[in-house]
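# Residue-level structure breakdown
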Amino acid sequence: QDEKLKDEKSITDEVKYKSYYHGLIGKKGADEFLKKEGDFIIRKTEHTSGVIVLVICVKAEDKVRNLHHQY
């Protein structure tokens, strides 16, 4: 339940329930969802204890690009 509370504090309901939001997963886990050019997901990561970062992962030019947004 603690993870759910973190989500409620850090992610708006508009994003939290979208098909492209995958919660707390790592880079390698995100790669599995990105098959073709233009595919994207939003994931959450924790760089240091208590610092939540949203990451937009996009498949572009046969690579996965990770765009970080800390708040």
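Residues numbered from 1 in each chain as written. Predicted model: local features only at pLDDT ≥ 70, side-chain atom pairs only at ≥ 80, totals over all residues. Heavy atoms only, no water.

In this section: the overall build of the protein chain. The number of helices and strands found in the protein chain is three helices and four strands. Starting at the N terminus, the α and β elements of the protein chain follow one another as α-α-β-α-β-β-β. Residue burial in the protein chain is summarised as follows: out of 71 residues, 30% are buried. Within the protein chain, residue pairs in contact and separated by at least 24 positions form 18% of the contacts whose partners lie at least 6 positions apart. (Helix = DSSP H or I, 4+ residues; strand = E, 2+ residues; numbered from the N terminus. Buried < 20%, exposed > 50% of the residue type's maximum accessible area, 1.4 Å probe, protein only. Contact = heavy atoms within 4.5 Å.)

A word on the pairing of strand β2 (residues 40-48). Note that strand β1 (residues 21-24) and β2 share two bridges and pair parallel. Bridged to L24 within β2 is K44. Where β2 lies against strand β3 (residues 51-60), eight bridges are found, and the strand directions are antiparallel. Note that in β3 the partner of I41 across the bridge is C57. Here β2 hands over to β3 after two residues, with G50 in that stretch at a positive phi of 85°. (Pairing = 2+ DSSP bridges.)

Turning next to the sheet that holds β3. Taken together, four strands build an open sheet; the order of strands is β1-β2-β3-β4 and the sheet is mixed. Sheet topology places β1 and β4 (63-70) at the edges, where each strand pairs with a single neighbour. The sheet shows a mean angle of 25° between the axes of neighbouring strands, direction not considered. (Axes fitted to C-alpha atoms, helices over the stretch in contact; angles between N-to-C directions.)

Pairing of β3 with β4, which is carried by eight bridges, proceeds in the antiparallel orientation. Residue pairing for β4: C57 is matched across the bridge by N66.

Here we come to the nonpolar core. Proteins that are soluble and globular tend to have nonpolar side chains buried together. Core analysis: the largest hydrophobic core is formed by six residues, namely A30, L34, I41, V53, V55 and C57. Examining the composition of this core, we find that three residues originate from one element, β3, more than from any other. (Core = buried A, V, L, I, M, F, W, Y, C linked by side-chain atoms within 4.5 Å.)

This part takes up the packing of aromatic side chains. Per the stated rule, a full pass over the model turns up one aromatic pair. Ring geometry for Y20 versus F40: centroids 5.4 Å apart, planes at 40°, classification tilted. Placement of the pair is Y20 in the loop between α2 (13-16) and β1 and F40 in strand β2, with a sequence separation of 20 residues. Its relative accessible area of 26% is what places Y20 among the partly exposed residues. (Phe/Tyr/Trp six-rings, centres within 6.5 Å; stacked < 30°, edge-to-face > 60°.)

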